[in-house]
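Read off the chains here:
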Amino acid sequence: MNCRCWLFSFLLLFFTALPAQAKIYATPILADADLLLETSPEKALEITERYLNQRRLSVPADNSRVHVNEETDHSVRTPLSTINALQIKARAQSLLNAQSDAIHTINQAEALAVENAFSYTLLETQLIHAEILWHGMGDASSAAARLDKIDQVIAGDEKLQRSEQIKILQYQLLMLRADMESTLGDERVAEKMYIRAKRDLSELDAPKEEINFLLNHGRHYLRHQHYDLALDRLLSGYWLAQETDDHGKMAIANLELATLYEERKVFDKALEHATQAGEFFEHFNRTIPLARTLALIASIYEQQGRYNLALVHYFNALDQENQLRLPTRSAKLRLSIARVYLKLYNYPKTEQYLHHA
């Protein structure tokens, strides 16, 4: 699998790793912020920051009621709602490529969960921390260490083991481990984990997780060039997302399908899916996935010999990457631009972009 597609995986897997089952929040404000993560993390970040800044932390008189809606007083926030807000904020920051800020925020959430002895919420927060470390930063060892700690806590707590919430968290943990194994090259171990996760999913009351599973499993097959299996999973995920009117997941599926068709040299289908994905990401101002979509379209045009169109899309992708301040990715795009200029026999421009790279 080429390097460009490997880079896709960190962002897109973070999107599909976002917990899809309906989580009950104590306030509609946080429910709205959570829903905005996939389409507009900037707005999710804005909402959570305003929530945290405008309300004071108020400890409930009865700690057993922390899961009940106690937000009728809009001037206060409970410890649980504060942790939920910090979780959403950290995920939004990671999606916006502010990884250091995301780690700082999720550490705050963990400290508050420990302070209030929220055992399940602490594990949930630690899982989000692991997702940020892996999907946001590519730090497999640190992410794996956190997952190991979560496993150890669950194994030592029989009450937690009987919780339906814990079963869903364990499923998400298994999916994260499967992705790590797949990305790091252990296809066999990853496939065993995906098979186990599919079995576990069938026993959970989390129907929306099916889309996530299909897209993640399809990406695993694509990563290891099992194209027929990848196509089956990705198309299934796409159609299920369409049935549930989940446009965010449809966009992710479209980009994965475009990558698959591009690798198989089916350029008309690749352009069709990439264009649909690009329209969604552009509409919601999703800079990171839009940059990758534009780079993919440019690559398709380049392989078709449509060099002027390729340059236009490479330049547009470069504009997006420059906003993100990711020098390594920008350098790769400059190398691609230099390659196209070389094919056009424009040697001065070739040298210019090689120098920039």
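Right, let's walk through the structure included here. (Residues numbered from 1 in each chain as written. Predicted model: local features only at pLDDT ≥ 70, side-chain atom pairs only at ≥ 80, totals over all residues. Heavy atoms only, no water.)

**Considering the environment of Gln 304**
Right, on to step 1. Structurally, the position occupied by Gln 304 is in the loop between helix 15 (287-303) and helix 16 (307-324).
Right, on to step 2. We classify Gln 304 as partly exposed; its relative accessible area is 31%.
Right, on to step 3. When the C-alpha atoms of Gln 304 and Phe 267 are compared, they prove to be 8.0 Å apart, with 37 residues separating the residues in sequence.
Right, on to step 4. Setting aside residues no more than four positions away along its own chain, Gln 304 makes contact with Phe 267 and Leu 271.
Right, on to step 5. A distance of 3.0 Å separates the side chain of Gln 304 from the side chain of Arg 306, its partner in a polar contact. (Helix = DSSP H or I, 4+ residues; strand = E, 2+ residues; numbered from the N terminus. Buried < 20%, exposed > 50% of the residue type's maximum accessible area, 1.4 Å probe, protein only. Contact = heavy atoms within 4.5 Å. Polar contact = N/O pair within 3.5 Å; in protein donor to acceptor, adjacent residues only side chain to side chain.)

**Some remarks on unusual backbone geometry**
Right, on to step 1. Not every positive phi belongs to a glycine, and Asn 97 is a case in point at roughly 70°.
Right, on to step 2. Tracing the backbone through its elements, the reader meets Asn 97 in the loop between helix 4 (79-95) and helix 5 (99-115).
Right, on to step 3. Judged by its relative accessible area of 26%, Asn 97 falls in the partly exposed class.
Right, on to step 4. One non-glycine residue, Asn 285, lies in the positive phi region at around 55°.
Right, on to step 5. Tracing the backbone shows Asn 285 in the loop between helix 14 (267-283) and helix 15.

**Quick notes on the pattern of salt bridges**
Right, on to step 1. Scanning the model with the defined rule gives 15 salt bridges in all.
Right, on to step 2. A salt bridge links Arg 219 to Glu 256, with the nearest nitrogen and oxygen atoms 2.3 Å apart. Here Arg 219 is found in helix 11 (residues 209-223), whereas its partner Glu 256 is found in helix 13 (residues 247-263), with 37 residues between them in sequence.
Right, on to step 3. One salt bridge connects Lys 269 with Glu 272, and the closest N-O pair in it is separated by 3.9 Å. Within this pair, Lys 269 and its partner Glu 272 are both found in helix 14, separated by three residues, close to a single helical turn.
Right, on to step 4. You can call Glu 272 partly exposed: its relative accessible area is 39%.
Right, on to step 5. Beyond isolated ion pairs, a larger network of salt bridges with shared partners links Asp 148, Asp 151 and Arg 177. (Salt bridge = Lys/Arg side-chain N within 4 Å of Asp/Glu carboxyl O.)

**Overview of the packing of helix 6 (residues 119-136) against helix 7 (residues 140-155)**
Right, on to step 1. Following both chains from N to C, one finds helix 6 and helix 7 inclined at 160°, their axes separated by 8 Å at the closest point. Accordingly, the angle class assigned to the pair helix 6 and helix 7 is roughly antiparallel. For the element pair helix 6 and helix 7, the recorded crossing hand is left-handed. Listed contacts from helix 7 to Leu 123, Gln 126, Leu 127, His 129, Ala 130, Leu 133 and Trp 134 of helix 6 are Ala 140, Ser 142, Ala 143, Arg 146, Leu 147, Ile 150, Val 153 and Ile 154.
Right, on to step 2. Of the residues that constitute the contact of helix 6 with helix 7, the class distribution is 11 nonpolar, three polar and one charged. (Axes fitted to C-alpha atoms, helices over the stretch in contact; angles between N-to-C directions. Parallel < 35°, antiparallel > 145°, perpendicular 65-115°, else oblique. Left-handed = near helix turned anticlockwise from the far one by under 90°. Nonpolar A, V, L, I, M, F, W, Y, C, P; charged D, E, K, R; others polar.)

**What about the environment of Glu 282?**
Right, on to step 1. As for its placement among the helices and strands, Glu 282 is situated in helix 14.
Right, on to step 2. Residues Glu 282 and Thr 293, 11 residues apart in the sequence, show an inter-C-alpha distance of 9.9 Å.

**Let's talk about the packing of helix 14 against helix 15**
The description of two helices packed together rests on the angle between their axes and the distance between the axes.
Right, on to step 1. Where helix 14 meets helix 15, the closest approach of the two axes is 9 Å, and the angle between their N-to-C directions is 155°. In terms of their interaxial angle, helix 14 and helix 15 are classed as roughly antiparallel. For the crossing formed where helix 14 meets helix 15, the hand is left-handed. Each of Phe 267, Ala 270, Leu 271, Ala 274, Thr 275, Ala 277, Gly 278, Phe 281 and Glu 282 in helix 14 lies in contact with helix 15, whose residues at this interface are Pro 289, Leu 290, Thr 293, Leu 296, Ile 297, Ile 300, Tyr 301 and Gln 303.

**Some details on the packing of aromatic side chains**
Right, on to step 1. Tallied over the full model, the rule gives six aromatic pairs.
Right, on to step 2. With a centroid separation of 4.7 Å and an interplanar angle of 50°, the aromatic rings of Phe 280 and Phe 284 are classed as tilted.
Right, on to step 3. Residues Phe 315 and Tyr 353 carry aromatic rings whose centres are separated by 5.8 Å and whose planes lie at 55° to one another, so their mutual orientation is tilted. Residue Phe 315 is located in helix 16, and its partner Tyr 353 is located in helix 18 (residues 347-356); the two are separated by 38 residues in the primary sequence.
Right, on to step 4. Classification of Tyr 353 by relative accessible area gives buried; the value is 11%.
Right, on to step 5. Put simply, the rings of Phe 280, Phe 281 and Phe 284 touch in pairs and so form one group of aromatic residues. (Phe/Tyr/Trp six-rings, centres within 6.5 Å; stacked < 30°, edge-to-face > 60°.)

**Here we look at helix 16**
Right, on to step 1. Spanning 18 residues, helix 16 covers 26 Å between terminal C-alpha atoms, matching the ideal 26 Å at 1.5 Å per step.
Right, on to step 2. Residues Ala 310, Leu 311, His 313, Tyr 314, Ala 317, Leu 318, Gln 320, Glu 321 and Leu 324 constitute the buried set of helix 16.
Right, on to step 3. Against the buried residues of helix 16 lie helix 15 and helix 17 (327-343).
Right, on to step 4. Arg 325 sits one or two residues past helix 16 and shows a positive phi near 55°. (Expected span 1.5 Å × (residues − 1).)

**A word on the side chain of Ser 299**
Right, on to step 1. Structurally, the position occupied by Ser 299 is in helix 15.
Right, on to step 2. Under the relative-accessibility criterion, Ser 299 is labelled buried at 7%.
Right, on to step 3. Reaching out from Ser 299, the side chain makes a polar contact with the side chain of Glu 262 at a distance of 3.3 Å.

**A word on the side chain of Arg 219**
Right, on to step 1. Among the residues examined, Arg 219 registers a relative accessible area of 3% and is labelled buried.
Right, on to step 2. Within polar-contact distance, the side chain of Arg 219 engages the side chain of Glu 256 at 2.3 Å.

**Points about a nonpolar patch on the surface**
Right, on to step 1. A grouping of Leu 342, Tyr 345 and Tyr 347 is seen on the molecular surface, where their side chains present a nonpolar patch of about 370 Å² in accessible area.
Right, on to step 2. Looking at Leu 342, the relative accessible area reads 43%, which means it is partly exposed. (Patch = residues over 30% accessible without salt bridge, like charges linked within 9 Å, V, L, I, M, F, W, Y side chains within 5 Å. Areas by Shrake-Rupley, 256 points an atom, 1.4 Å probe, with all protein chains shown as cover.)

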